[in-house]
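Residues per chain are reported as follows:
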Amino acid sequence: MPKAYVFTRNGGPEVEGFADLERPKPGPGELLVAVRAAGVNPVDWKLRTGYTRPGSEPLPFPAVFGSEAAGTVVETGPGAEGFAPGDEVFGNPLTGGYAEYTLMPVAVTAHKPAALSFTDAAVLPVAAATAYDGLRQLGPAPGATLLVTGAGGGVGSAAVQLARHAGLRVLGVASAAKKDFVESLGAEHIPSGAGLADRVRAVAPEGVDAVFDLVGGDTLREVAALTDPAALISAGGKPLVTELGGEPVRRARTAAVLDEVARLTVEGVLRTRVTRTVPLDRAAEALRAVEDGHALGKTVIEVTA
């Protein structure tokens with residue numbers, strides 16, 4: 001039976017483990033996909049702790065980890081137009097990406113360009129698409145100064161690259177250990193930690209035009225004072241950003257956005273910055289790196305064909 005990395009109840013790492021699950025059957029508008037790669041994201045471990053996405057039902061147990069994946073279509077469900085067995089695709093899985101097989105809805109699944117590897121395609125649906133949606137939501141003009149917190153992570157590194165491509169000055173907040181990485185993306189590095197707002201003001205005494213927060217908590221509280229609330233968005237502290245007068249990142253979650261970030265990646269505008277790959281049988285290791293906050297760029301679980 002196909003293998004998957006799951007959590008059996010809400011809690012910490014102790015509720016994780018491998019399970020042999022029946023191969024899922026695609027329903028209307030769904031694709032059965034043989035997974036080749038799955039991106040690892042903070043939302044994966046947050047769902048394990050009991051977090052529920054707005055508008056979603058709690059996950060049934062055992063729940064398979066993974067919110068983005070790439071692979072090959074094995075079977076199509078009724079009404080899954082535009083796709084056929086053998087197609088190489090990427091998108092947001094319905095039944096988790098840390099698995100040998102998953103279901104994908106056609107609404108948030110795109111064809112993988114031949115020039116894009118499965119590993120690179122697997123990190124676009126959450127990280128790159130979130131960055132793309134957030135920048136489109138902010139809509140800063142060329143020459144504006146954008147502050148990105150969590151600039152060394154998956155979403156942050158994509159946001160910095162897309163912002164630089166749009167002609168923005170980018171201040172990237174990250175730990176000192178990620179300084180070289182953040183600067184390689186084209187941002188001016190600002191060390192994270194207490195006193196952040198003062199360090200930002202020292203670098204940009206004229207202020208910042210917009211803030212794209214990916215951290216939340218005390219970091220979000222500090223940087224919120226640096227810009228107009230209308231130019232403050234967060235994917236890391238959604239209830240708090242609303243309290244502070246800003247907005248959560250509004251996700252489009254469409255195949256059209258996936259097509260666009262794939263095009264930008266193929267054209268070299270966006271580099272996926274995959275810095276770690278591990279096989280499926282080391283899924284726990286990959287998840288710990290992201291949960292502990294030490295991951296640089298993107299981590300990917302690769303599944304043998």
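Described in the following lines is the structure provided in the data block. Everything numeric here is computed off the predicted structure, so don't read it as measured data.

Here we look at the packing of aromatic side chains
Under the counting rule described, the total for this entry stands at five aromatic pairs. Plain terms: the ring middles of tyrosine 5 and phenylalanine 65 are 5.6 Å apart, the flat faces sit at 25° to each other, and that makes the pair stacked. Here phenylalanine 65 lies in the loop between β4 (63-64) and β5 (69-76) and tyrosine 5 lies in strand β1 (residues 3-7), a separation of 60 residues in the sequence. Consider the rings of phenylalanine 7 and phenylalanine 61, whose centres lie 5.9 Å apart with planes at 65°: the pair is edge-to-face. Taken together, the residues phenylalanine 7 in strand β1 and phenylalanine 61 in the loop between α1 (42-49) and β4 connect sequence positions 54 residues apart.

What to know about the pairing of strand β11 (residues 188-191)
Relative to β11, strand β10 (residues 169-174) runs parallel, the two sharing four bridges. Looking across to β11, one finds that valine 173 is bridged to isoleucine 190. Of the crossover connections in this fold, the one passing from β10 over helix α5 (residues 179-184) to the parallel β11 is right-handed.

A closer look at the layout of surface pockets
Taken as a whole, the second largest pocket spans an internal volume of roughly 220 Å³. Contributing to the lining of the second largest pocket are 13 residues, with Tyr132, Leu135, Arg136, Leu162 and Ala166 lying nearest its centre. Sorting the residues of the lining of the second largest pocket by element identifies α3 (124-138), α4 (154-165) and α9 (255-266) as the ones contributing at least two each.

Thoughts on α1
Turn by turn, an α-helix covers 3.6 residues, leaving residues three or four places apart pointing in a common direction. Every buried residue belonging to α1 is among Val43, Asp44, Leu47 and Arg48, and all of these are buried. Down the axis of α1, the smallest arc covering the buried residues is 150°, so these residues share one side.

Focus on empty space enclosed by the protein
Across all of its chains, the model carries two cavities of 30 Å³ or more by this definition. Estimates place the volume of the largest cavity at around 60 Å³. Lining the largest cavity, in full, are Val123, Leu124, Ala127, Ala128, Gly154, Ser157, Ala158, Leu270, Arg271, Thr272 and Lys298. Within the residue set of the lining of the largest cavity, elements represented by two or more residues are α3 and α4. Of the volumes computed, that of the second largest cavity is approximately 30 Å³. Lining the second largest cavity are Asn92, Val108, Pro125, Ala129, Asp133, Arg251, Arg253, Thr254, Val257 and Leu258. For the lining of the second largest cavity, the element with the most residues is α3, which contributes three residues. Of the residues in the lining of the second largest cavity, the class split is five nonpolar, two polar and three charged.

Analysis parameters
Residues numbered from 1 in each chain as written. Predicted model: local features only at pLDDT ≥ 70, side-chain atom pairs only at ≥ 80, totals over all residues. Heavy atoms only, no water. Phe/Tyr/Trp six-rings, centres within 6.5 Å; stacked < 30°, edge-to-face > 60°. Helix = DSSP H or I, 4+ residues; strand = E, 2+ residues; numbered from the N terminus. Pairing = 2+ DSSP bridges. Right-handed = clockwise from strand over helix to strand, strands pointing away. 1 Å grid on protein atoms, 1.4 Å probe; cavity = no way out; pocket = protein on both sides within 12 Å on 5 of 7 lines; lining within 4 Å. Points joined across faces, edges and corners; volume = space filled by probe spheres on them. Buried < 20%, exposed > 50% of the residue type's maximum accessible area, 1.4 Å probe, protein only. Arc of directions from axis to C-beta. Nonpolar A, V, L, I, M, F, W, Y, C, P; charged D, E, K, R; others polar.

Geometric descriptors of this kind do not, in isolation, establish any biological role.
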